[in-house]
Amino acid sequence: MASEDVKRTESAAVSTIVNLAEEAREGVKAPSYAFKSICKSLFAGGVAGGVSRTAVAPLERMKILLQVQNPHSIKYSGTVQGLKYIWRTEGLRGLFKGNGTNCARIVPNSAVKFFSYEQASKGILYMYRQRTGNENAQLTPLLRLGAGATAGIIAMSATYPMDMVRGRLTVQTANSPYQYRGIAHALSTVLREEGPRALYRGWLPSVIGVVPYVGLNFAVYESLKDWLLKDNPFGLVQNNDLTIVTRLTCGAIAGTVGQTIAYPLDVIRRRMQMVGWKDASAVVTGEGRSKASLEYTGMMDAFRKTVRHEGFGALYKGLVPNSVKVVPSIAIAFVTYEMVKEVLGVEFRISD
């Protein structure tokens, strides 16, 4: 009897050890899978950002130059004229000036933005289902707006110093009195001459602007896709999915809505970023007797001075190249992100 009890005890102990080992092994697999999924999501977002921004780099530079040029010394009268002038005076490299810095900023920004949107959407959807008691509830356009705004604020805040430096690198020309030699040199120069707070100059209008901009981008894009997939009003659904052209169109509409509403804040942000740059390009300071002081005490002061001295239309300077840029850029970013995630085998639909 004692021998049988010992055998049973040994058998139970072995079973317990085996079960614990299996549970431990499963516990190790889960975080590994989650880590891989996070890495794939971040990688897809980074690729989407780099591809979309490089495709429209010349228009991005033209937009910034139009936004910050001195009203008393107009060098760029429009998008086409400005692009021709850059091509004639600076060549092909001039059209892509600042794009390296832009990609260095937008790749992590885009990665964090898309990943943050997915996580924020999941969290908001979970709380929404708990509150309504409906386990089948889906995200509404307003909830998507909130998730997109959250993602935009996180991504923008994390990479803002790069955006500030990118703006200055983009504005400087071959005739600028002082040349930043690159990202690291620009960052160190600003820190040394203007202090760490200068790297976040214009942050407040950026935060305010990112809420409608990124929020509407995600909300409009996801809502349009859901509507087309569920109702199929134009017969665009093929094999229970939307074509690349249809998705690009959804992205273009989303980008147009978001950037039009948030654009004045983008202009103010750029102008505030130029404050304190003692060797600023002539396109910012003006030339000769008309040289104007570039000083703003804050966001509202920048709004007041811009409207008072240049009129309300100044808040939309550069809107045309920005519109031409944003439409394909946002569309390419969304579709590239989804295609890369499909290739990597990561599910990207939030509302499923």
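Small disclaimer: the values here were computed from a predicted structure and weren't measured.

**Student:** Any chance you could explain the packing of helix α7 (residues 203-231) against helix α11 (residues 319-344) here in plain terms?
**Tutor:** Following both chains from N to C, one finds α7 and α11 inclined at 60°, their axes separated by 12 Å at the closest point. Regarding the angle of α7 to α11, the classification is oblique. With respect to the hand of their crossing, α7 and α11 are arranged in right-handed fashion. Across the interface between the two elements, Tyr213, Asn217, Phe218, Tyr221 and Lys225 of α7 pack against Val326, Ile330, Phe334, Val335 and Glu338 of α11. Taken together, the residues of the contact of α7 with α11 sort by class into seven nonpolar, one polar and two charged.

**Student:** Is there a simple way to think about unusual backbone geometry in this case?
**Tutor:** Most of the time, phi is negative for any residue but glycine, and the peptide bond is trans. In the Ramachandran plot, Asn232 falls in the positive-phi region, its phi being about 45° despite a non-glycine side chain. As for its placement among the helices and strands, Asn232 is situated in the loop between α7 and β1 (237-238). Looking at Asn232, the relative accessible area reads 31%, which means it is partly exposed. The phi angle at Asn240 is positive, at roughly 60°, despite the residue not being glycine. Secondary-structure assignment places Asn240 in the loop between β1 and β2 (241-242).

**Student:** Sorry if this is basic, but what is going on with empty space enclosed by the protein here?
**Tutor:** The method is simple in principle: a probe with the dimensions of a water molecule rolls over the atoms, and the space it marks as empty is what remains. Applying the stated criterion to the full structure yields five cavities of 30 Å³ or more. As a volume, the largest cavity reaches approximately 470 Å³. Forming the walls of the largest cavity are 30 residues, and the residues nearest its centre are Arg53, Val210, Tyr213, Asp266 and Arg269. Here the residues of the lining of the largest cavity sort into 12 nonpolar, seven polar and 11 charged. Considering only enclosed or pocket space, the second largest cavity measures out at about 150 Å³ in volume. In terms of lining, the second largest cavity is formed by 15 residues, of which the most central are Ser52, Lys113, Phe114, Ile330 and Ala333.

**Student:** What am I meant to see in the pattern of salt bridges here?
**Tutor:** Pairing between side chains of opposite charge can happen when their charged atoms approach one another. According to the stated counting rule, one finds 19 salt bridges in the structure shown. Taking the shortest distance from any N to any O, the salt bridge between Asp163 and Arg269 comes out at 2.4 Å. Placement of the pair is Asp163 in helix α5 (residues 141-171) and Arg269 in helix α8 (residues 244-274), with a sequence separation of 106 residues. The salt bridge involving Lys317 is made with Glu310; its shortest N-O contact spans 2.8 Å. Of the residues examined, Glu310 reaches a relative accessible area of 23% and is grouped as partly exposed.

The rules behind each value
Residues numbered from 1 in each chain as written. Predicted model: local features only at pLDDT ≥ 70, side-chain atom pairs only at ≥ 80, totals over all residues. Heavy atoms only, no water. Axes fitted to C-alpha atoms, helices over the stretch in contact; angles between N-to-C directions. Helix = DSSP H or I, 4+ residues; strand = E, 2+ residues; numbered from the N terminus. Parallel < 35°, antiparallel > 145°, perpendicular 65-115°, else oblique. Left-handed = near helix turned anticlockwise from the far one by under 90°. Contact = heavy atoms within 4.5 Å. Nonpolar A, V, L, I, M, F, W, Y, C, P; charged D, E, K, R; others polar. Buried < 20%, exposed > 50% of the residue type's maximum accessible area, 1.4 Å probe, protein only. 1 Å grid on protein atoms, 1.4 Å probe; cavity = no way out; pocket = protein on both sides within 12 Å on 5 of 7 lines; lining within 4 Å. Points joined across faces, edges and corners; volume = space filled by probe spheres on them. Salt bridge = Lys/Arg side-chain N within 4 Å of Asp/Glu carboxyl O.

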